Amino acid sequence: SAIWLNKTYDTNYTSANTLITCGGKFGIYLAFQALLNPGDEVLIISPYWVSYPSMVEIHNGKSTIIHTEEKNQWKVHPKAIQEACTSKSKLLILNNAANPTGVFYTKQELAEIVEVAQKNNLIILSDEVYSGMIYDNNKYTSLGTFKEYIDNIIVIQSCSKNFAMTGWRVGIVYAPEPLIKIMTKLQGQSITGTSIVS
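This text gives an overview of the structure that appears in the document. Here the structure is a predicted model, which means the values were calculated and not measured. (Residues numbered from 1 in each chain as written. Predicted model: local features only at pLDDT ≥ 70, side-chain atom pairs only at ≥ 80, totals over all residues. Heavy atoms only, no water.)

Some points on the overall build of the chain
So, point 1. Helix and strand counts for the chain stand at 7 helices and 7 strands.
So, point 2. From first element to last, N terminus to C terminus, the chain shows the α and β order α-β-α-β-α-β-α-β-α-β-β-α-β-α.
So, point 3. A compact globule built from 198 residues should have a C-alpha radius of gyration of about 16 Å, and the chain, at 16 Å, falls within 12% of that.
So, point 4. For the C-alpha atoms alone, the extent of the chain along its principal axes is close to 45 × 45 × 30 Å.
So, point 5. Of all 198 residues assigned to the chain, the portion counted as buried reaches 50%.
So, point 6. Once local pairs closer than 6 in sequence are excluded, the contacts in the chain between residues at least 24 apart make up 68%. (Helix = DSSP H or I, 4+ residues; strand = E, 2+ residues; numbered from the N terminus. Rg over C-alpha atoms; globule rule 2.2 N^0.38 Å. Buried < 20%, exposed > 50% of the residue type's maximum accessible area, 1.4 Å probe, protein only. Contact = heavy atoms within 4.5 Å.)

So, in structure tokens, the structure goes:
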């Protein structure tokens, strides 16, 4: 799966940076389980996928919602991220392309978001499960291409959208090796792993 992401989106992951999960959703759940301490804040861009705040709450974190507007194409401005940050802010969830709006960010827009995250010591969880659903001539940019910030980026992918495997429950997490090791242990003592059939 690392080879697929590298060839498709010009990233540079290895098997040591990769974990196959029981769906992208469980990959997000594992990331929260591995990273969140009680009271940690997770910045969530609205409109958002319905499960994000609930999963944050399960792990005793606090959701901070950053609202966007239709007049700005539902895109978050880096200044809004900066203004939402506090000393307890730990994670930013960036859903690109976004569910439910369909918005996706250009490479320049992502670079500006990464810069703000870096200034505020934020880990970015980049939910990229809809990356394969671009139907114009624009090129999709994975956050995994920002190699200078790669130690603070988690990319979530799913076979459901990219390979028409909805219901097979196969997701992929790309992250720094130390985090993958922790998430592997957590998965091993919970669901064990994705089914052999899938």
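Here we look at the pairing of strand β5 (residues 123–127)
So, point 1. Judged by how many residues are buried, β5 sits mostly within the fold: 5 of 5 residues are covered.
So, point 2. On β5, burial covers both faces: Ile 123, Leu 125 and Asp 127 on one face and Ile 124 and Ser 126 on the other are all buried.
So, point 3. As judged from the 5 bridges shared by strand β4 (residues 89–95) and β5, these two strands associate in the parallel manner. Considered in β5, the bridge of Leu 92 is made with Ile 124.
So, point 4. After leaving β4, the chain enters helix α5 (residues 107–119) and then returns to the sheet as β5, a path that is right-handed.
So, point 5. Two strands pair when backbone bridges link them, and β5 and strand β6 (residues 153–158) are joined in this way by 4 bridges, in the parallel orientation. Residue Ser 126 lies in a different strand from β6, and its bridge partner there is Val 155. (Pairing = 2+ DSSP bridges. Right-handed = clockwise from strand over helix to strand, strands pointing away.)

Quick word on the pattern of salt bridges
So, point 1. Applying the stated criterion to the full structure yields 5 salt bridges.
So, point 2. A salt bridge links Glu 115 to Lys 119; the nearest nitrogen and oxygen atoms lie 3.8 Å apart. Note that Glu 115 and Lys 119 are positioned in helix α5 at a spacing of 4 residues, about one turn of the helix.
So, point 3. Its relative accessible area of 44% is what places Glu 115 among the partly exposed residues. (Salt bridge = Lys/Arg side-chain N within 4 Å of Asp/Glu carboxyl O.)

Quick word on the nonpolar core
So, point 1. Among the nonpolar cores identified, the biggest contains 37 residues, and Leu 43, Ile 81, Leu 92, Leu 94, Ile 124 and Leu 143 are the most heavily contacted of them.
So, point 2. Secondary-structure elements contributing two or more residues to this core are α1 (2–9), β2 (41–46), α4 (78–84), β4, α5, β6 and β7 (171–174). (Core = buried A, V, L, I, M, F, W, Y, C linked by side-chain atoms within 4.5 Å.)

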